[in-house]
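Here is what each chain is made of, one letter per residue.
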Amino acid sequence: MNAESHNVNPRLGWNQRFTPVPPSVHHARHAAGTALLAWGVDAGQVADVQLVLSELATNAVRHGRVPGRYFEVCIAYDAENWSG
């Protein structure tokens, strides 16, 4: 489902590319949640991010599908400045 290996270094953020097909929405949501939990983000906040990600990924699949192209999900997390 992904085009390239992904980056999960919290200092650099997280990013991964997905093919624009419906199952990729689930895969993107799960992969982002795994990265956020690995960084120690609260499960409730992870769920909020996953909800927004689902909406954006669904839009990418439904309205932005271009043959031969992927959609990319990027998340940056600054634990030092987090006040959540």
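Provided above is the structure to which this section pertains.
Quick caveat, the model's predicted, so the values are computed rather than measured.

### Section: the overall build of the chain
A count of helical and extended segments in the chain gives two helices and two strands. Listed by position from the N terminus, the elements making up the chain come as β-α-α-β. Expressed as a percentage of the 84 residues in the chain, the buried residues total 30%. For the chain, the accessible area works out to roughly 5600 Å², and carbon and sulfur atoms hold 53% of it.

### A word on the pairing of strand β2 (residues 71-75)
Both faces of the sheet carry side chains from a regular strand, because those side chains alternate between them. Residues Phe71, Val73 and Ile75 of β2 are buried on one face, while the alternating residues Glu72 and Cys74, pointing to the opposite face, are not. With five bridges connecting them, strand β1 (residues 14-18) and β2 associate as antiparallel partners. Bridge pairing in β2 places Asn15 opposite Cys74.

### Brief notes about the side chain of Ser54
Along the polypeptide, Ser54 turns up in helix α2 (residues 43-63). Beyond its immediate sequence surroundings of up to four residues, Ser54 is in contact with Val25 and Arg29.

### Details of the environment of Leu37
Take Leu37: it is sitting in helix α1 (residues 23-38). Sequence-distant contacts of Leu37, that is, excluding residues within four places in its chain, are made with Ala43 and Val46.

### Quick word on α2
Taking 1.5 Å per residue as the helical rise, α2 with its 21 residues ought to reach 30 Å, and the 30 Å between its terminal C-alpha atoms agrees with that figure. Taken residue by residue, α2 has Val46, Gln50, Leu53, Ser54, Ala57 and Val61 as its buried positions. Along the axis of α2, the buried residues cluster in a sector spanning 120 degrees; they form a single face. Exposed and oriented more than 90 degrees from the buried face of α2 are Asp48, Leu51, Glu55, Leu56, Arg62 and His63.

### Notes on α1
Counted at 1.5 Å a residue, the expected span for α1 with its 16 residues is 22 Å, and the 23 Å between its end C-alpha atoms agrees. Every buried residue belonging to α1 is among Ser24, Val25, Ala28, Ala31, Ala32, Gly33, Ala35 and Leu36, and all of these are buried. Those residues of α1 that are buried lie in contact with β1, α2 and β2. Positive backbone phi, approximately 90 degrees, marks Gly40, located one or two places after α1.

### Considering the nonpolar core
If you look at the biggest cluster of nonpolar residues, it comprises 18 residues, and the most contacted ones within it are Trp14, Phe18, Trp39, Phe71, Val73 and Ile75. Those elements giving two or more residues to this core turn out to be β1, α1, α2 and β2. By residue number, the principal contributor to this core is α1, which donates six residues. In contact with Phe71, other than residues within four places in its own chain, are Gln16, Arg17, Phe18, Thr19, Pro20, Ser24, Ala28, Ala57, Ala60 and Val61.

Rules behind the numbers
Residues numbered from 1 in each chain as written. Predicted model: local features only at pLDDT ≥ 70, side-chain atom pairs only at ≥ 80, totals over all residues. Heavy atoms only, no water. Helix = DSSP H or I, 4+ residues; strand = E, 2+ residues; numbered from the N terminus. Buried < 20%, exposed > 50% of the residue type's maximum accessible area, 1.4 Å probe, protein only. Areas by Shrake-Rupley, 256 points an atom, 1.4 Å probe, with all protein chains shown as cover. Pairing = 2+ DSSP bridges. Contact = heavy atoms within 4.5 Å. Expected span 1.5 Å × (residues − 1). Arc of directions from axis to C-beta. Core = buried A, V, L, I, M, F, W, Y, C linked by side-chain atoms within 4.5 Å.

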